[in-house]
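So the chains spell out like this:
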Amino acid sequence: MNFNCIAVDDEPMAIGKIKSFVEKLPQLKLQATFRNGADALQFIYNNPVQILFLDIQMDKMTGIELLEQLAIKPQVILTTAFSEYAIRGFELSVTDYLLKPYAFERFAQAVNKATEYIQWQQKAEKNSREIVDYIFVKSGYKLVKIFQDEILYIEAMRDFQNIVCRTEKILASHSMAELEPMLKKGFVRCHKSYIVSIPKINNIERDRVYVGSKSIPIGESYKETFFKYI
C-alpha cells in the first residue's frame, strides 16, 4: 500500500533530506514539495494527502498557521529546529515531532507511526460505513451515494444544493428541507443557505463559521439554535 505525502520547508537542503529518506521507504509516494505554507495549503485542498512533512518557521505562512487552517488534517510530522513548538504541535494533533538534525531511523519511526494510524483509521471508517452511514441523493438523472463523514458542508444554489465533500462536489436536486432529515447527528443548519458538519468546523469567529478556508455565515434566525447545538 502506498501513502501519498508532501514536504513543506523553505530550506532546500531540508527538502533534499526528506526526498532522500522518502526514497528509502517504498510505502511512501512523494507527490510534491513546497517552499511555503500557502502553496502547500492550496495543494492539500485539491489533492488527497495522507502524510505531511512540515517545517514551522517559514515566510508567508508558518507551519502552525497552516495547521490551524486545515479542517481535515493528514498525518502531520513536524520537522523543525525549534523545540519550543512541540506543545503547540501536539495540541494540533500532530503525529510526531522531528527535531533537526534527525537521523533516518527516527524519520522511519515517525512514518511508521503515521502509516499505522492511517491503516487503523481506514479500517475503522470501513466498519462504521457498514452501519449505514450514507445517503442517496438525486443528481441529474442518477442517484449518488454519499458517505456522510465525507461531507464538509451543504450550500444552497438556486434550484440545487451543492454538497461539498472532501474530494468532490455534488449538485443535488433536493431542497434544504428534504436534505436536513436525511443527515445523521452532527450536522446543523447555520444559515438559510448552509448546513455544516460540526466535526469539520475549524473555528467560529463572531457570526461566521470556518471550514478550512471556506467562510460560512451564521444567520441571525439560526444563531441561537446553532450555538445551543454545538
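Nothing here was measured: the structure is a model prediction, and the numbers come from that model.

Procedures and definitions
Along every chain, residues carry numbers that run from 1 in the direction the sequence is written. Only residues with pLDDT of at least 70 are given local features in this predicted model, and only at 80 or more are side-chain atom pairs given and counted; all residues enter the totals for whole chains, interfaces and linings. Heavy atoms from the whole structure form the basis of all side-chain values; hydrogens and water molecules are not counted. Under the scheme used here, helices are H or I runs from DSSP no shorter than 4 residues and strands are E runs no shorter than 2 residues, and both carry numbers assigned from the N terminus. Each residue gets one of three labels from its accessible area relative to the maximum for its type: buried under 20%, exposed over 50%, partly exposed in between, using a 1.4 Å probe on protein chains only. Throughout, a contact is declared for two residues whenever any of their heavy atoms are within 4.5 Å. The protein chains shown are the only cover counted for residues, whose accessible areas, like all others here, come from Shrake-Rupley with a 1.4 Å probe. His is not counted, nor are the chain ends; Lys and Arg add positive charge and Asp and Glu add negative charge. To locate a charge, take NZ of a lysine, CZ of an arginine, CG of an aspartate or CD of a glutamate. Note on aromatic pairs: the rings of Phe, Tyr and Trp (six-membered ring only in Trp) are paired at centre separations within 6.5 Å, and the planes decide the class, stacked below 30 degrees, edge-to-face beyond 60, tilted for the rest. By the criterion adopted, a ring carries a charge over it if an Arg CZ or a Lys NZ lies within 6 Å of its centre and within 35 degrees of its normal. The definition of a nonpolar core used throughout is a set of buried Ala, Val, Leu, Ile, Met, Phe, Trp, Tyr and Cys residues joined through side-chain atoms within 4.5 Å. Following DSSP output, two strands are said to pair if at least two bridges run between them. Under this scheme, a helix contributes an axis fitted over its contacting stretch, all axes are lines through C-alpha atoms, and angles between N-to-C directions fall in the 0 to 180 degree range.

Caption draft 1: Molecular detail of the overall build of the protein chain. In terms of regular secondary structure, the protein chain is built from seven helices and 15 strands. Taken over the C-alpha atoms alone, the protein chain extends approximately 55 × 40 × 25 Å along its principal axes. Counting every position in the protein chain, which comprises 230 residues, the buried fraction comes to 47%. At a minimum sequence separation of 6, the contacts of the protein chain that also span at least 24 residues come to 52%. Put simply, the protein chain shows about 12,600 Å² of open surface, and 51% of that area lies on carbon and sulfur atoms. Within the protein chain, one finds 30 positive and 28 negative side-chain charges whose respective centroids are separated by 4 Å.

Caption draft 2: A look at the packing of aromatic side chains. Applying the stated criterion across every chain, the model contains 11 aromatic pairs. Aromatic side chains phenylalanine 21 and tyrosine 102 sit 6.2 Å apart centroid to centroid with 65° between the ring planes, which places their arrangement in the edge-to-face category. Placement of the pair is phenylalanine 21 in helix 1 (residues 12-23) and tyrosine 102 in the loop between strand 5 (96-99) and helix 5 (104-129), with a sequence separation of 81 residues. Over the ring of tyrosine 134 we find lysine 145; its NZ or CZ atom is 4.3 Å from the centre of that ring.

Caption draft 3: Layout of the nonpolar core. Within the largest apolar cluster, 23 residues are counted, with the highest numbers of intra-cluster contacts made by Ile6, Val8, Leu52, Leu54, Leu66, Leu67 and Leu78. Those elements that provide at least two residues to this core are strand 1 (3-8), strand 2 (28-34), helix 2 (37-46), strand 3 (51-54), helix 3 (63-69) and strand 4 (75-80). With four residues, helix 2 is the largest single contributor of residues to this core. Discounting residues that sit within four places of it in the chain, isoleucine 6 has contacts with Leu30, Gln31, Ala32, Phe34, Ala40, Phe43, Ile44, Val49, Ile51, Leu52 and Phe53.

Caption draft 4: Looking closely at the sheet that holds strand 4. In space, the five strands of this open sheet follow the order 2-1-3-4-5, with parallel pairing throughout. The sheet is open, and its two edges are formed by strand 2 and strand 5, each paired on a single side. On average, each strand axis in the sheet is tilted by 20° relative to the strand beside it, whichever way the strands run. With four bridges connecting them, strand 4 and strand 5 associate as parallel partners. Note on strand 5: the bridge partner recorded for threonine 79 is leucine 98. Packed on one face of the sheet, helix 1 meets strand 1, strand 2, strand 3 and strand 4 and runs near 170° to strand 2.

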